Each structure stands twice: as structure tokens, then as C-alpha cells.
Amino acid sequence: MTERKFKIVLIKPSHYDAEGYVIQWWRSTIPSNSLASVYGILADCARDKILGPNVNIEIDAYDECNTVIDVKAAIRAIRRAGGGFIGLVGVQSNQFPRALDLGRQFRAAGLPVVIGGFHVSGCISMLPEMPTDLREALDLGITLFAGEGEGRMADLLRDIDTGKLKPMYNFLGDLPDLAAAKLPLLPRKIVTRVFGHYASFDAGRGCPFECSFCTIINVQGRKSRYRTPDDVEAIVRANAAQGITRFFVTDDNFARNKNWQPILDRLIDLREKQGFTIRLILQVDTMCHRIPGFIEKAARAGCHTVFIGLENINPESLMGTKKRQNKIWEYREMLLAWRRARVMTWAGYILGFPTDTPETIARDIEIIKRELPIDMLEFFCLTPLPGSEDHKNLYLRAVPMEPDLNKYDLEHVCTGHARMSKEQWLQVYRDAWARYYTAAHVETILRRALVSRLSISRVISALAMFAGAMWIEAVHPLQLGFVRRKVRTQRRHGLPIEHPLVFYPRRFIEAFTTTLRWTGLLLRHWRIGRRIKSDPDARSYADEALRNPSGQVGDPLVQVFADKIPTGTHRMAAH
Ligand code: B12
Ligand code: SF4
């Protein structure tokens, strides 16, 4: 039997900036778990020789956030192999236009292209008909894959190999059991393109809550599906074998992973008894401090940063989006519990709930700065993301929504608001960053960090990244990387390729000014840090946010929203 090859090229697409250039960097800051998941499943298919003993399946994987995609080279590689396909991986709504532009080029070369990820899954799960963008992909001959890939890739590869690829695969009604699932893993050369060499894994999928702006529950379900401690250990060991021990655990809410305890116990064992220097970033909800032992075990397992979906501090807004689990009178207690465990907190805050106005948002940010001991705060515009209940309702009521999917990145305004014009809303979003990351508040955060015994240098660099992302690079910190790359010829389909004499001088000035601004910002933060470290009183620093909360009448955070808090649901009502 003659040997042959089957070449798979996996690309996790990025998206376009305001000028239509791909947002990409020399090094990205957050790993793509979608890429690791799909790669892990396919690597297993390759090992199992699922196309026959004579077929060698080879996989190339690229995260466009940190790698410039050489489309021609990828086409050549598949042609040279004599067969294969392009997989556009983990494509979110804001990345769909870029995925189509890439797909268009590969389809023009006659190669099979498959798109998977949340945009396809979310639309198919929630909308009564196929939206225009998905139809456009089908018209180009691109295959759409809805649902999760675990247990389905071998059949897909066989379909491609035998020329029987279907236009659409839909597994949304059949969510795979994660306990038996293949592991998310990437080779070292891909992981090291992420700053700090962070790998990723999802220890579970699904969330029990029902926030109306969220897509996750409609794609991955509300039931907690989780990996076994053995599998998590295998992920850690496989990464550690290639020198990688830092992980971003992408569970949307690790605190609601029903297997959190055995998983953390196993990680603690690996760390404390077997010498693995594991470091973790976790995502949790605002009530996680109520789970006995959760925070303490997370810290012992190596968690140094935790992302918390605070979303808003106005209970009326939270109830309006069915985020009933967020109880503002518990926020400070929860944040202090993480500080006691010496874990840095990173909170998400959404702007544009129906009751928000520029004035209430400005007021609420000042309250947060004064009352809540948060380290990094990031802002988002409330967005009807395809796949969410909000999107479905607006779609069914034919309420106008932004037609350009590239703008569904939570940095743009994608629908109307009863109390703010589009311009006001956008301005509020931009102002929010400037309002939170003032020099005075950076100093307060660092003073709080010092008394809480957090690593000052880590807080300084995190604050600089969060403050500088919007101000200097005009991107959200979640999309930030180191050293922006702009490729003249990789521009959004339909926009002109600029003349080199126009493009390069402008790029040079841009790169020069950004470097200057980053240097200035880092120096400013570093000077604040130095001042605090040399201040003899800094170790006895105290303020309202660090005071143990009462949650009672008189607690300023509770007082402002007293009339919005549903009676009978919190401790204030008991008094
Ligand atoms: C980790 C994460 C990130 C990371 C890394 C991105 C990544 N994909 O790894 C970071 C922090 C960078 C990020 C950023 C953003 N994210 Co995000 N992110 C996630 C999160 C929490 C986990 C992603 C993940 O690993 N999922 C697990 C994998 C296994 O699932 P999957 O991607 O769907 O892949 C499976 C299937 O779809 C399928 N599949 C996927 N691709 C392919 C390809 C082929 C060929 C095949 C056959 C199958 C297949 O098989 C996979 C395995 O089962 C998800 C929520 C979630 N639960 O998924 C949100 C989520 C994907 N993010 C979302 C958003 C909106 C964003 C942001 C735009 C906004 C923001 N500011 O948060 C930014 C901007 C990103 C950018 N433009 O670069 C939304 C997307 C919704 C939508 N309709 O687009 C989600 C769903 C969360 C939400 N709020 O609803 N994100
Ligand atoms: S808690 Fe987070 S993951 Fe769960 S439904 Fe709400 S937004 Fe979605």
C-alpha cells in the first residue's frame, strides 16, 4: 500500500480594526482554547490513523492573533500533500467577516473549508432561519459545523477524504460527555507565541444561570459537563513535558463546575507534593465565596488571577438581564476573600443596560473605585451577540441591529438604547476607561495591593496593559498583544490595498508614537509603584474598600441602590 498524506490547516481567525487591517501582534496575551480543543481532537485522529494505515494526517495550526497567515503557503501545503482541508476554528461573530475573507481565498483555490465556533452554533441554535452571513458562506461552498467537535471529527475527515463533505453539520442537539473527551493540547511552538507561555483548557462546559446577553447557555447548555481529575492531570503533565505550566482555565464559570473540588485537589497535589509550578487564571461568578473552601483551594492550586463577571452594580440592570445571581451587597465580601488568598481580581463591567445613562454610569464607576477592592476593571458595551436571548428577541421583533458582524466585539454599539444616543453610548464606553484608570486610582489600587501582599510588579504591568490597550492601541485588553503587526496586503475584502508610499510612512509614525506612549505610561506607573514602596505608611494603608462590609443599611454601596434591591433577598431586608 502506498503511503499518502492528508494535510489539515487550522486557523483561528482574528478580526479587523477600524481601517480594515487584521488585528494581530508579534505575541498575543491570551491563548486560544478553541484552537487547542480542535487540535487535540484531530491529533488523536492522526494517531489513530482514522483514514487508513497508509494515510498520514498532518496538522498545521495558527492563531491569527499572533501569526500572519500565509494563505498561498497553506494552499501549496495542501496541494503538495494531495489532499486535506482548511478548518476555521472557534469563529466568533466579530471574526466571521475575517473568516469569510480567508475562506473565500481557499475556496478560490478549490480547497475544502469548514467553519466552526460560536457564531455558527449560536445562530443555528437560536434563529428560525439561516442569517445572510451564514448563507454567504454556504454560497462560497464553505461547510458550516454547528455544535462541539468531540467524537465527530473522524467522520468529518472521512467525508472530506472521500469527497463527500456536506454543506452543513449540526450536532447542537447532542452535547458530548466531557468525561470521555479528547484533551485540548497544542505543541510548544504554538503556545510560546502567547506572552508568558500560557496554555489553556476547559475543565468543564455549560453554566446553570440564564443571563439574557449570554450565548454560552444556548450553545453549550445549562448543565455542567466536566472533565475528570485524571484528564486534567494528563493535560498538565503533557504541557509540563514541553515546559509549560501556566494555564488559562476557560470555563465560563469554574465555580459552577460540579467537579471543581476533585479537580482542584488534584492540582494541589501536583503542585504541593509533586513540584509542578502550576499557575492558573480562573473565571468565576460573584457568589463563589459562598462555596466552602473554593477560594482557598483555588489559591493553593496556583490561581493568581481571577476573572469575575461583575457586569453592573445596579440591581435593577442585573435583574433586567436575568443575572439574578449577582448580589451587589456581597461584592466586597467576595473581593476581599480573594485578596486574603492573595489573588489578583479582574472584573468585567457592562455599559448600556436599559436604565444606564451617562450620568449614572459616571456615578457608578466612582462608587466602584471608592467601595470595591477590584484590581483591573474592564468595560464592555452591552451587545446582542448572535446566539443570545437578547439577539433572538431583537431579531424576531425586527429591531434594527448593526449589520457589520466585525463590530460585535463588545467595543461597538450594535443596537439602540432608550436613554442614550449611539454617540453618547460610545463616548460613555471610551470615558469609562479614562475614568477608572486615572493616576490617582492607579495609586489607590497599588496601595491596596501592597497591604494585601499582592505582587506589586504584576499589578503594575496588568494595570498598564488595561489602561493602555484602549488609550494607545484602540483595542480592548482582551485583544491586546505585544507589538502590533499590520500587513499592507491583508485588508478587509472590498477595501483598497494602499500604496506602499502611503502605507509605510504612516505605519512608521504610528509605531513610533505608540512606543513613546507605552514607555510614558509604564514609567508613570513604575514611578507610582516606587513612591508607594518607599512610603513608610504604605503598609498600614486602609480605605473604605478594604473595610469589612456590613451589607446593611448605611453601607454606602447598598444605600445608593436601596430602592432597587428586591426585598426579602438580601441581608439588608432582614433589618
Ligand atoms: C476563552 C474565550 C476567549 C479567549 C480566547 C478565545 C478562544 N476562543 O479561545 C479571549 C479572552 C481572547 C476571548 C476574547 C473575546 N471573546 Co471570548 N470566549 C472565550 C470562552 C470563554 C471559551 C472559548 C472556548 O475555548 N470554548 C471551548 C471550545 C472548545 O468551544 P468552541 O470554541 O465552540 O469550539 C468547539 C466547537 O465550536 C467546534 N469547533 C470550533 N471550531 C471548529 C472548527 C472546525 C473545523 C470544526 C470541525 C469544529 C469546530 O469544536 C470545538 C470543540 O468542541 C467563550 C465561551 C465558551 N464557553 O466557549 C467566549 C466567547 C467565545 N467569547 C465571546 C466574545 C464575544 C469575545 C470577545 C469578542 C468579547 C470580549 N471582549 O470578551 C473577545 C474578543 C476576541 C477577539 N476578537 O480576539 C463570545 C462569542 C459570542 C459570539 N456570538 O461571537 C463567547 C461565546 C462568550 C460570550 N460572551 O457569549 N474569548
Ligand atoms: S453567569 Fe456567565 S456564563 Fe453563566 S449565563 Fe451568565 S454570562 Fe453566561
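Heads up: these notes are all about the structure in this document. Because the structure is predicted, anything quoted here is derived from the model rather than measured.

Some points on the overall build of the protein chain
Each helix and strand counted, the protein chain has 20 helices and 16 strands in total. Taking 25 Å as the expected radius of gyration for a compact globule of 575 residues, we find that the protein chain reaches 24 Å, a close match to that expectation. In terms of overall dimensions, the protein chain has C-alpha extents of about 80 × 55 × 50 Å along its principal axes. Taking all 575 residues of the protein chain together, the buried fraction comes to 59%. For the protein chain, contacts bridging at least 24 residues in sequence account for 79% of all contacts bridging at least 6. Of the roughly 23800 Å² of accessible surface on the protein chain, 55% is carried by carbon and sulfur atoms.

A look at the pairing of strand S1 (residues 4-12)
Most of S1 sits inside the fold, with 7 of its 9 residues counted as buried. The pairing of S1 with strand S3 (residues 55-63) spans 9 bridges and is classified as parallel. Opposite Phe6, over in S3, you have Ile57 as the bridge partner.

Some thoughts on the sheet that holds strand S6 (residues 143-146)
Remark on secondary structure: sheet strands pair via backbone hydrogen bonds, oriented parallel or antiparallel. One open sheet holds the 6 strands; their spatial order is S3-S1-S4-S5-S6-S7, and the pairing between them is parallel. Of all strands in the sheet, those with a lone pairing partner are S3 and strand S7 (168-170), marking the two edges. Direction aside, the axes of adjacent strands within the sheet are offset by 20° on average. Along the sheet face, helix H3 (residues 96-108) touches S1, strand S4 (84-88) and strand S5 (113-116) and points at about 165° away from the line of S5. Contacts from helix H4 (residues 118-126) reach S5, S6 and S7, with the element oriented near 75° to S6.

Focus: the site of ligand 1
Ser34, Ser93, Glu150, Thr215 and Asp252 are the nearest of the 44 residues found near ligand 1. Note that a nitrogen atom of ligand 1 is positioned 2.6 Å from one of the side-chain N or O atoms of Asp252. Secondary structure elements with two or more residues in the shell around ligand 1: helix H1 (33-47), S4, S5 and helix H6 (153-161). By residue number, the principal contributor to the shell around ligand 1 is H1, which donates 4 residues.

What to know about empty space enclosed by the protein
In the structure shown here, the tally under the stated rule is 5 cavities of 30 Å³ or more. Volume-wise, the second largest cavity comes out at about 80 Å³. Lining the second largest cavity are 13 residues; nearest its centre among them are Pro31, Ser32, Leu186, Ile190 and Val194. Elements that contribute at least two residues to the lining of the second largest cavity include exactly H1, helix H7 (188-191) and strand S8 (198-201).

Here we look at the pattern of salt bridges
Taken as a whole, this structure holds 48 salt bridges when the rule is applied. Its salt-bridge partner being Glu148, residue Arg205 comes within 2.6 Å of it at the nearest N-O pair. Of this pair, Arg205 sits in strand S9 (residues 204-205) while Glu148 sits in the loop between S6 and H6; the two residues are 57 residues apart in sequence, bridging distant segments of the chain. Relative accessible area serves as the criterion here: at 7%, Arg205 is assigned to the buried category. Since its relative accessible area comes to 7%, Glu148 is described here as buried. The salt bridge partner of Arg222 is Glu210, with a shortest N-O separation of 4.0 Å. Taken together, the positions of Arg222 in the loop between helix H8 (216-219) and strand S10 (225-226) and Glu210 in the loop between S9 and H8 put the pair 12 residues apart, joining distant regions of the chain.

Overview of the sheet that holds strand S14 (residues 344-351)
The strand order across the open sheet formed by 6 strands is S8-S11-S12-S13-S14-S15, and the pairing between neighbours is parallel. Where the open sheet ends on each side, the last strands, each with one partner, are S8 and strand S15 (376-381). Taken over all neighbouring pairs, the strand axes of this sheet differ in orientation by 20° on average, direction set aside.

A short note on the side chain of Gln490
Among the secondary structure elements, Gln490 is positioned in the loop between strand S16 (481-485) and helix H19 (500-533). Owing to a relative accessible area of 14%, Gln490 belongs among the buried residues under this scheme.

Thoughts on the packing of aromatic side chains
Under the criterion given, the structure shown has 19 aromatic pairs. Where Phe145 meets Phe171, the ring centres are 5.5 Å apart and the plane angle is 45°; that geometry is what we call tilted. One end of the pair, Phe145, is in strand S6; the other, Phe171, is in the loop between S7 and H7, and 26 residues separate them in sequence. Here Phe145 falls in the buried class, since its relative accessible area comes to 7%. Pairwise contacts between aromatic rings join Tyr349, Phe379, Tyr429, Trp433, Tyr436 and Tyr437 into one cluster. Sitting over the ring of Trp26, Arg27 keeps its end group 4.4 Å from the ring centre. The ring of Trp471 carries Arg517 above its face, with NZ or CZ at 4.7 Å from the centroid.

Describing the environment of Ile23
By secondary structure assignment, the location of Ile23 is in the loop between S1 and strand S2 (24-28). Separated by 347 residues in sequence, Ile23 and Arg370 have C-alpha atoms that sit 35 Å apart. Apart from the residues lying within four places of it in its own chain, the contact partners of Ile23 are Ser14, His15, Tyr16, Asp17, Glu64, Cys65, Val475, Gln479 and Arg484.

Brief notes about helix H17 (residues 439-451)
Because the α-helix completes a turn every 3.6 residues, residues three or four places apart line up on one side. For H17, with 13 residues, the first-to-last C-alpha span of 19 Å sits near the 18 Å given by 1.5 Å per residue. Most of H17 is tucked away, with 10 of its 13 residues classed as buried. Phi turns positive, to about 60°, at Arg453, one or two residues after H17.

A few points about the packing of helix H14 (residues 358-371) against helix H16 (residues 422-436)
Relative to each other, H14 and H16 sit at 20°, their axes nearing to 10 Å. With respect to each other, H14 and H16 are oriented roughly parallel. Between H14 and H16 lies a crossing of right-handed hand. Of H16, the residues touching H14 (which contributes Pro358, Ile361, Ala362, Ile365, Glu366, Ile368 and Lys369) are Gln424, Val428, Ala432, Arg435 and Tyr436. Among the residues making up the contact of H14 with H16, the classes are represented as 8 nonpolar, 1 polar and 3 charged.

Considering the packing of H17 against H19
For the pair H17 and H19, interaxial distance at closest approach is 10 Å and the crossing angle is 45°. Classed by the angle they form, the pair H17 and H19 counts as oblique. Helix-helix and strand crossings are classified by hand; for H17 and H19 the assignment is right-handed. Between H17 and H19, the contacting residues are Ala439, Val442, Glu443, Leu446, Arg447 and Leu450 on the first element and His525, Ile528, Gly529, Arg531 and Ile532 on the second. Considered class by class, the residues forming the contact of H17 with H19 number 6 nonpolar, 2 polar and 3 charged.

Conventions and cut-offs
Residues numbered from 1 in each chain as written. Chains lettered and ligands numbered in written order. Predicted model: local features only at pLDDT ≥ 70, side-chain atom pairs only at ≥ 80, totals over all residues. Heavy atoms only, no water. Helix = DSSP H or I, 4+ residues; strand = E, 2+ residues; numbered from the N terminus. Rg over C-alpha atoms; globule rule 2.2 N^0.38 Å. Buried < 20%, exposed > 50% of the residue type's maximum accessible area, 1.4 Å probe, protein only. Contact = heavy atoms within 4.5 Å. Areas by Shrake-Rupley, 256 points an atom, 1.4 Å probe, with all protein chains shown as cover. Pairing = 2+ DSSP bridges. Axes fitted to C-alpha atoms, helices over the stretch in contact; angles between N-to-C directions. Near = heavy atom within 4 Å. Polar contact = N/O pair within 3.5 Å; in protein donor to acceptor, adjacent residues only side chain to side chain. 1 Å grid on protein atoms, 1.4 Å probe; cavity = no way out; pocket = protein on both sides within 12 Å on 5 of 7 lines; lining within 4 Å. Points joined across faces, edges and corners; volume = space filled by probe spheres on them. Salt bridge = Lys/Arg side-chain N within 4 Å of Asp/Glu carboxyl O. Phe/Tyr/Trp six-rings, centres within 6.5 Å; stacked < 30°, edge-to-face > 60°. Lys NZ or Arg CZ within 6 Å of the ring centre and 35° of its normal. Expected span 1.5 Å × (residues − 1). Parallel < 35°, antiparallel > 145°, perpendicular 65-115°, else oblique. Left-handed = near helix turned anticlockwise from the far one by under 90°. Nonpolar A, V, L, I, M, F, W, Y, C, P; charged D, E, K, R; others polar.

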